[in-house]
Amino acid sequence: MTANAEQIDYWNGPVGERWAAYQDVLDKALAAISDAALAFAHPNSGERVLDIGCGCGTTTYALAKAVGPSGSVTGADISLPMLKVARGRGVGVNFLQADAATHLFHATHDLVFSRFGVMFFDDPIAAFANIRKALVPNGRIAFVCWRAARENHWASVPIAAAMPLLPPQEPVDPLAPGPFAFADDARLRSILVDAGYHNIRLESLNSTMNMGADLDAAADQALRVGPLARAAAELDDATREKIRGVVRAALAGFATPQGVKPPAACWLVAATP
Ligand SMILES: C[S@@+](CC[C@H](N)C(=O)[O-])C[C@H]1O[C@@H](n2cnc3c(N)ncnc32)[C@H](O)[C@@H]1O
């Protein structure tokens, strides 16, 4: 079977289409985390950057702005629907449909960046070893990934509230490719060591996810992306309406005048090749 076949299907199917359709909503949701991750990566004027799992290209264009006309940025992703949105959003950036785990990269990048695009590899050691080949000898990788679901209330609170209304759920393998695959910092470090990286640095980022202006928008978002969206995808409209109600109530404690903002817990990760 092709490497990452399941994830390639997944991100080219309804989930990729949904990310493509709600790109602006998701970008608002992730804005605080995105700013922190870009500041951590610190792209400099003139640098050549590769954005792995670039999705709809938001960070790719932000990186292009940071490196300026003397630099260059390539976004790589497996999802055609998301790349289509990315390509339509601007000029001056190169987008590549490629599996970062196996693509033949050349050592021409000063910085490899990713916003939540590197937790989906079947064989993370092999994938990160392959990505390392994209870096010049004095280059660096910098990415943001999620810590545990229980610390990410935007993900754990909606699904916990909806559980009585959901069909029995298969136990989740915490190490399987997926958003929370790198929750364990010791495992993440050992993957990077085994993939040949040095100077590995992990910082906790305690931020928030802006799930929307009000509780209706927040419940809507929980039903569109994240663990609840996956668990409730096949349910009938009446059940989904009931779920919307309980999720709305469960998120009420996170409502602020600036939006519904549950805690979002990430690792900021940097390393050298
Ligand atoms: C959670 S989304 C994040 C997208 C984007 N970075 C953002 O923050 O909006 C994960 C992205 O990783 C991409 N992805 C997953 N596996 C990949 C792989 N093996 N190679 C390249 N991209 C991959 C998906 O297609 C998807 O666009």
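Residues numbered from 1 in each chain as written. Predicted model: local features only at pLDDT ≥ 70, side-chain atom pairs only at ≥ 80, totals over all residues. Heavy atoms only, no water.

Novice: Provide a residue-level description of the layout of surface pockets, including the pertinent values.
Specialist: Volume-wise, the second largest pocket comes out at about 230 Å³. As for the second largest pocket, its lining consists of 15 residues, of which Val-25, Met-211, Gly-212, Ala-217 and Gln-221 are closest to the centre. Of all elements in the fold, only α3 (23–29) and α10 (215–224) reach the threshold of two or more residues within the lining of the second largest pocket. (1 Å grid on protein atoms, 1.4 Å probe; cavity = no way out; pocket = protein on both sides within 12 Å on 5 of 7 lines; lining within 4 Å. Points joined across faces, edges and corners; volume = space filled by probe spheres on them. Helix = DSSP H or I, 4+ residues; strand = E, 2+ residues; numbered from the N terminus.)

Novice: Can you break down the site of the ligand residue by residue, with the values?
Specialist: Taken together, the neighbourhood of the ligand is formed by 18 residues, with Gly-53, Asp-77, Asp-99, Ala-100 and Arg-115 sitting nearest. The separation between a nitrogen atom of the ligand and a polar main-chain atom of Gly-53 is 2.6 Å. Residue Asp-77 places a side-chain N or O atom 2.5 Å away from an oxygen atom belonging to the ligand. The protein chains hide 96% of the 590 Å² of surface that the ligand would expose on its own. (Near = heavy atom within 4 Å. Polar contact = N/O pair within 3.5 Å; in protein donor to acceptor, adjacent residues only side chain to side chain. Areas by Shrake-Rupley, 256 points an atom, 1.4 Å probe, with all protein chains shown as cover.)

Novice: Lay out helix α4 (residues 31–41) with the relevant residues and their values.
Specialist: Since one α-helical turn is 3.6 residues long, residues separated by three or four positions face the same way. Of all the residues in α4, the buried ones are Ile-33, Ser-34, Ala-37, Leu-38, Phe-40 and Ala-41. Down the axis of α4, the sector holding all buried residues measures 160°, keeping them to one side. Those residues of α4 that are exposed and aimed more than 90 degrees away from the buried face are Asp-35 and Ala-39. Its buried side turned inward, α4 meets α5 (58–67), β4 (109–115), β5 (135–146), β6 (198–208) and β9 (263–272). Just past α4, the residue His-42 takes up positive phi, approximately 50°. (Buried < 20%, exposed > 50% of the residue type's maximum accessible area, 1.4 Å probe, protein only. Arc of directions from axis to C-beta. Contact = heavy atoms within 4.5 Å.)

Novice: Account for a negative patch on the surface, with residues named and values stated.
Specialist: Together, Glu-6, Asp-9, Asp-122 and Asp-123 make up a region of like negative charge exposed at the surface. The topology assignment puts Asp-123 in the loop between β4 and α7 (124–132). By relative accessible area, which is 43% here, Asp-123 ends up partly exposed. (Patch = residues over 30% accessible without salt bridge, like charges linked within 9 Å, V, L, I, M, F, W, Y side chains within 5 Å. Salt bridge = Lys/Arg side-chain N within 4 Å of Asp/Glu carboxyl O. Lys, Arg positive; Asp, Glu negative; His and termini not counted. Charge placed at Lys NZ, Arg CZ, Asp CG, Glu CD.)

Novice: Now, about unusual backbone geometry: what can you tell me, with residues and values included?
Specialist: In this structure, Asn-4 is a non-glycine residue whose phi angle is positive, near 60°. In this structure, Asn-199 takes a positive phi of about 50° despite not being glycine. Relative to the helices and strands, Asn-199 is located in strand β6.

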